[in-house]
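Chain by chain, the residues run as shown.
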Amino acid sequence: QVQLVESWGGLVQAGGSLRLSCAASGRTFSSYAMGWFRQAPGKEREFVAAISRSGGNAYYADAVKGRFTISRDNAKNTVYLQMNSLKPEDTAVYYCAADRLYGLDQYEYDYWGQGTQVTVSS
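All of the points below concern the structure found in this document. Predicted model only: the values in this text are computed from it and were never measured. (Residues numbered from 1 in each chain as written. Predicted model: local features only at pLDDT ≥ 70, side-chain atom pairs only at ≥ 80, totals over all residues. Heavy atoms only, no water.)

All told, the structure shown has four salt bridges when counted by the stated rule. Among the salt bridges present, the one from aspartate 90 reaches arginine 38, with a minimum N-O distance of 2.9 Å. Linking aspartate 90 in the loop between strand S8 (78–83) and strand S9 (92–99) with arginine 38 in strand S4 (residues 33–39), this pair joins segments that are 52 residues apart in sequence. Residues aspartate 90 and arginine 38 agree in their burial class; the two are buried. Three or more residues are tied together by salt bridges with common partners; here these are Arg38, Glu46, Arg67 and Asp90. (Salt bridge = Lys/Arg side-chain N within 4 Å of Asp/Glu carboxyl O. Helix = DSSP H or I, 4+ residues; strand = E, 2+ residues; numbered from the N terminus. Buried < 20%, exposed > 50% of the residue type's maximum accessible area, 1.4 Å probe, protein only.)

Dropping the structure here:
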């Protein structure tokens, strides 16, 4: 079992930055690939970014490529999402998730956090 807790969402103006954190507890964090997903009001949850177990590989959705960076610190059992040049369309609840395999499919992820709200004002 892995418990995930997201933090550091908030309200920011367009063009601003936020850095989300997701702290993991339970089984060995480095055994899991990690992903960030988001769900905007009235929309389905979508993939944002994923990082491999070692942190050596990362993949991004086209909508965030070049603006967001996923990283992890296995010593601190934490994964991060640095979000720059934020746009109003980035407004959503952001979730972190853990999976044994590195991938983009949210239905493959076994463990989920409770989510943190990110609101970008225009």
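The grouping of Tyr59, Tyr102 and Leu104 at the surface amounts to a nonpolar patch, some 280 Å² of accessible area in total. On the basis of relative accessible area, tyrosine 102 is assigned to the partly exposed category, the value being 37%. (Patch = residues over 30% accessible without salt bridge, like charges linked within 9 Å, V, L, I, M, F, W, Y side chains within 5 Å. Areas by Shrake-Rupley, 256 points an atom, 1.4 Å probe, with all protein chains shown as cover.)

This brings us to the state of the cysteines. Chemically, a disulfide is nothing more than a covalent bond linking the sulfur atoms of two cysteines. A full pass over the atoms with the stated rule returns one disulfide. Between the sulfur atoms of cysteine 22 and its disulfide mate cysteine 96 the distance is 1.9 Å. Sign of the S-S torsion, about 45° for the bond between cysteine 22 and cysteine 96, identifies this disulfide as right-handed. You can see cysteine 22 sitting in strand S3 (residues 18–26) and its partner cysteine 96 sitting in strand S9, a full 74 residues away along the chain. For cysteine 22, a relative accessible area of 0% translates into the label buried. (Disulfide = S-S within 2.5 Å.)

Fair warning: the whole summary comes from geometry, so function is off the table for now.
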